[in-house]
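Okay, here's what each chain looks like letter by letter:
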Amino acid sequence: MTLSALEIDQVSHSYGSVRALTDVSFDIPRGRFTALLGINGAGKTTLFSLITRLYDNNSGRIRVAGHDLRREPAQALARLGVVFQSRALDADLTVLQNLAYHASLHGIGRVRARARIDEVIAQVGLREKLGERVAALSGGQQRRAEIARALIHRPDVLLLDEATVGLDVKSRAEVLSLTRRLVAQSGVSVLWATHIMDEIQPDDGLVILHRGRVLKKGLMAEISGADGLTRSFLDLTGTAA
Ligand SMILES: Nc1ncnc2c1ncn2[C@@H]1O[C@H](COP(=O)(O)OP(=O)(O)OP(=O)(O)O)[C@@H](O)[C@H]1O
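What you are looking at is a predicted structure, and each value in this text was computed from that prediction instead of being measured. (Residues numbered from 1 in each chain as written. Predicted model: local features only at pLDDT ≥ 70, side-chain atom pairs only at ≥ 80, totals over all residues.)

For the protein, the assigned domains are domain 1 (1-79 + 156-241) and domain 2 (89-154). Distance from the C-alpha centre of domain 1 to the C-alpha centre of domain 2: 25 Å. Between domain 1 and domain 2, the contact holds 10 residues from the first and 10 residues from the second. When residues of the side of domain 1 that touches domain 2 are assigned to their parent elements, the largest contribution, 5 residues, is made by helix α6 (residues 169-186). Here the side of domain 1 that touches domain 2 is built from residues that sort into 7 nonpolar, 2 polar and 1 charged. (Domains from an automatic or database assignment. Contact = placed C-beta atoms within 7 Å. Helix = DSSP H or I, 4+ residues; strand = E, 2+ residues; numbered from the N terminus. Nonpolar A, V, L, I, M, F, W, Y, C, P; charged D, E, K, R; others polar.)

This paragraph deals with the site of the ligand. In the region of the ligand, the neighbouring residues are Y15, V18, A20, G38, N40, G41, A42, G43, K44, T45 and T46. Every element with two or more residues in the shell around the ligand is listed here: β2 (18-29) and α1 (44-51). Here the element with the most residues in the shell around the ligand is α1; it accounts for 3 residues. Considered class by class, the residues forming the shell around the ligand number 4 nonpolar, 6 polar and 1 charged. (Near = placed C-beta within 6 Å.)

In a beta sheet, neighbouring strands pair by backbone hydrogen bonds and run either parallel or antiparallel. Strand order in the open sheet formed by 4 strands is β2-β1-β4-β5, and the pairing between neighbours is antiparallel. What marks the edges here is a single partner per strand, and that holds for β2 and β5 (67-68). Here strand β1 (residues 4-15) pairs with β2 via 8 bridges, running antiparallel. Its bridge partner being in β2, S4 is matched across the sheet by P29. (Pairing = 2+ DSSP bridges.)

Further remarks concern the nonpolar core. Of all hydrophobic cores here, the largest spans 65 residues; its most connected members are A148, V157, L159 and L191. Here this core spans two domains, since at least three of its residues come from each of domain 1 (1-79 + 156-241) and domain 2 (89-154). (Core = buried A, V, L, I, M, F, W, Y, C linked by C-beta atoms within 7 Å. Buried ≥ 20, exposed ≤ 12 C-beta atoms within 10 Å, placed from the backbone.)

Quick look at the structure:
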């Protein structure tokens, strides 16, 4: 069994003549929180679109829990949960109806679905909101419901694309600490795309993506050094004033 939850190997992608990713390689180990840090246009969303097979990469290889995305797409995608920037839940339906629908999309039968919904809703702390319409939830609660949806089929890997964008400080902290708790308690491996350095902790895995290239990868503590992550990031990307 492979030790990596997600393996990105020499992945490149262009949109016509626009080069979005060049030879991107990194692994995320099982059961670790890994941050993918990059400013706007770094290529984070493109990479997520390739991992979820929205697009096919021009070159390179992606494996999810040991399954090659191109050769075994169904197995690879079954091991993956995704929280995109845009909402995947139907705002007019209740949280329960949404989760039941997504469980059925994953082929989970009714009885098992109800047990699984109870489990994920408790994990994200929204048990009392199951019967509420998604539209009636706060921004932070909606994000937590999105995370519950992404976990419904027990993925090995959870991708979150700028999951705290648009949230107030308190909700941001809640979504982040919930995600860290999932890693610690359920063993899911997380790839957390962000441009906010404060969201990253010393023992997190860190991949710095800039203009479509990986500039640095390792533990945050190793990369940030004595002068802190912001200084290292500015030096590495050449974006210091
Ligand atoms: N559909 C598209 N057609 C052409 N170019 C694109 C397309 N999507 C992204 N790009 C370009 O690819 C590069 C990477 O963009 P991408 O959206 O992946 O970055 P990002 O790190 O997710 O940024 P953001 O946080 O702003 O979404 C940018 O130069 C962008 O302009």
